[in-house]
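What follows is the residue order along each chain.
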Amino acid sequence: MNLHGQFIEQIETLFPGDAKSLVDAIVGGDAVTSIRVNNAKTSMRPGIEDRVPWCEEGYYLPGHESFTFDPLFHAGLYYVQDASSMIISYIVRSLVNKPVKYLDLCAAPGGKTTAALSALPPGSLMVCNEVVPQRAAILKENVMKWGYANCIVASDDSSRWGNLTHYFDVVAADVPCSGEGMFRKDDTAVEQWTPALVAQCAERQRLIIDNVWDAIAPGGLLIYSTCTYNRCENEDIVKYIIAEHGAEPVRLDMPREWNITAGVGGEDYCYRFLPHKTRGEGLFVCVLRKPGEESCGRAMSQDKRRSQGRTVAAKIPDSVKNWLCGSGDYTFSMQDGSVVTAMPEAFVRDSVMIQSKVKTLSCGVEVGVVKGKDIVPAQSLALATALNRGAFATVEVGYAEAISYLRGDVVMIGDAPRGIVLLLYQGVPIGFVKQLGNRANNLYPREWRIRSTYVPATPPQVIVESV
């Protein structure tokens, strides 16, 4: 790895006492592998107890695993995430003690979104957004795999979100950046780095914050983060938010043994993860509070305008509603004329409001898709924590069959009854097939399928039965 000379000069200026150790860690250090377990779905844990100290669901792994070939990964039982980024769990649990409306503005691929979903108090609404369509599709997939119903996935520009005036109690902005903190994992980031890129990113970051500021309720929080080291995209942006918008920095209780570094230049309310001190990649984070009395932005949730015709009320058969546990707590609708969705009743008005302002990709649980006269259950339903397993015939499959299913191959499931069958792997739902007799139609989404033909000699053992 050949680091840009001006990047090294920048590191030497920012961290005069630590520059050599930090550069050595970037160039020659080993990347750390870590996962975060989905407690809402499983009590399974890695075989080695090596916890991420700032995330109760986070674990370090001794090496890289073949996650792609682990059906439990595809079932949403855990998420592969850099340990530094898991700090969002600690921030949310430390500062949010009541139900909130939470916007993750630059959310793809979904690591911080799913971490926040696990950490938010019950009764909270998560709205996650990604403007780039291809990345938004990945965000939607990962959120669906995590399985929570209290989530809306959107794909729109930051300029649209300010129209939801004073709507969100918390906005997380993990803004696009020059990516210096990911150099040892991403050779492309090293090759693309220039001082001009840093300046361009900083300008974009100020614009994003300006765009979304009106959406934060008085007294609400902005969680600002990047995966880069320079001041221009970090402390200088924070100082801009304070000066331009009157934001108030929020200090966090970061235990000394975590080795998290305070911001450079005396900003002790900013926090830096440096790979020669913490087990993870480079990360910067700061929490800011918007001035004013807390209002939680409830006024706008009374808006009853429809959602641009994309979601309409529909008569859904009770048999389909029964696919969800506690179906009486949901409002069922038809989206885009063919997709049956279920939104927790508490968030229906919010869903309508948000759909009237920005482009949404999913709201709540996608329950099924209309195919002729039938409604075929969706993959989102199979992975939802609210799935009613008792509504379907189930078949337990082995590792080879599970991988074949995740590839989109034909699956042979023996004497299963005709019709929709829910496949289980190690007792965990992985998706649906339609049993036709001597074969079954694979209903796994085409865009989610494993494309590699490689299969490990033994199944990955990332998480195992808890003791």
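Residues numbered from 1 in each chain as written. Predicted model: local features only at pLDDT ≥ 70, side-chain atom pairs only at ≥ 80, totals over all residues. Heavy atoms only, no water.

**Here we look at the nonpolar core**
Counting residues in hydrophobic clusters, the biggest one holds 45 residues, and the most contacted among them are Trp54, Ile87, Tyr102 and Ile223. The dominant element in this core, judged by the number of residues it contributes, is helix α4 (residues 87–95), at five residues. In this structure, Ala154, Ile209, Ala215 and Leu222 belong to the second largest nonpolar core, which totals 38 residues. (Core = buried A, V, L, I, M, F, W, Y, C linked by side-chain atoms within 4.5 Å. Buried < 20%, exposed > 50% of the residue type's maximum accessible area, 1.4 Å probe, protein only. Helix = DSSP H or I, 4+ residues; strand = E, 2+ residues; numbered from the N terminus.)

**Some points on empty space enclosed by the protein**
In this approach a probe as big as a water molecule rolls over the atoms, and the regions it shows empty are the leftover space. Under the criterion given, the structure shown has three cavities of 30 Å³ or more. Volume-wise, the largest cavity comes out at about 90 Å³. Along its surface, the largest cavity is lined by Val143, Met144, Gly147, Tyr148, Cys151, Val153, Ser362, Gly364, Val365, Ser380 and Ala384. For the lining of the largest cavity, the elements supplying multiple residues, two or more each, are α6 (133–146) and β6 (151–154). Looking at the lining of the largest cavity residue by residue, the classes come out as seven nonpolar, four polar and no charged. (1 Å grid on protein atoms, 1.4 Å probe; cavity = no way out; pocket = protein on both sides within 12 Å on 5 of 7 lines; lining within 4 Å. Points joined across faces, edges and corners; volume = space filled by probe spheres on them. Nonpolar A, V, L, I, M, F, W, Y, C, P; charged D, E, K, R; others polar.)

**Let's talk about the state of the cysteines**
As used in these notes, a disulfide is a covalent bond between sulfur atoms, one from each of two cysteines. Within this structure, the stated rule accounts for zero disulfides. Of the cysteine sulfurs around Cys128, a residue in no disulfide, the closest is that of Cys151, at 3.9 Å. Free cysteine: Cys286, not disulfide-bonded; nearest cysteine sulfur from Cys270 at 3.9 Å. (Disulfide = S-S within 2.5 Å.)

**Looking at the layout of surface pockets**
As a volume, the largest pocket reaches approximately 1,400 Å³. If you go around the largest pocket, you meet 50 residues; those closest to its centre are Ala108, Pro109, Arg135, Asp174 and Cys227. Contributions of two or more residues to the lining of the largest pocket are made by β1 (33–37), β3 (78–80), α5 (111–119), α8 (187–192) and α9 (195–212). A per-class count over the lining of the largest pocket returns 23 nonpolar, 16 polar and eleven charged. Computed from the structure, the second largest pocket encloses a volume of approximately 520 Å³. If you trace the second largest pocket, you find 21 residues lining it, with Glu366, Val369, Ala378, Pro445 and Glu447 closest to the centre. Those elements that provide at least two residues to the lining of the second largest pocket are α6, β17 (365–371), β18 (374–377) and α13 (379–382). Among the elements that take part in the lining of the second largest pocket, α6 stands out by supplying five residues, more than any other. Looking at the lining of the second largest pocket, its residues break down into twelve nonpolar, three polar and six charged.

**A word on the pairing of strand β2 (residues 58–61)**
Taken residue by residue, a regular strand's side chains alternate between the two faces of the sheet. Of the two faces of β2, the one holding Gly58 and Tyr60 and the one holding Tyr59 and Leu61 are both buried throughout. Examined bridge by bridge, β1 and β2 share four bridges and lie antiparallel to one another. Bridging across to β2, Thr33 finds its partner in Leu61. (Pairing = 2+ DSSP bridges.)

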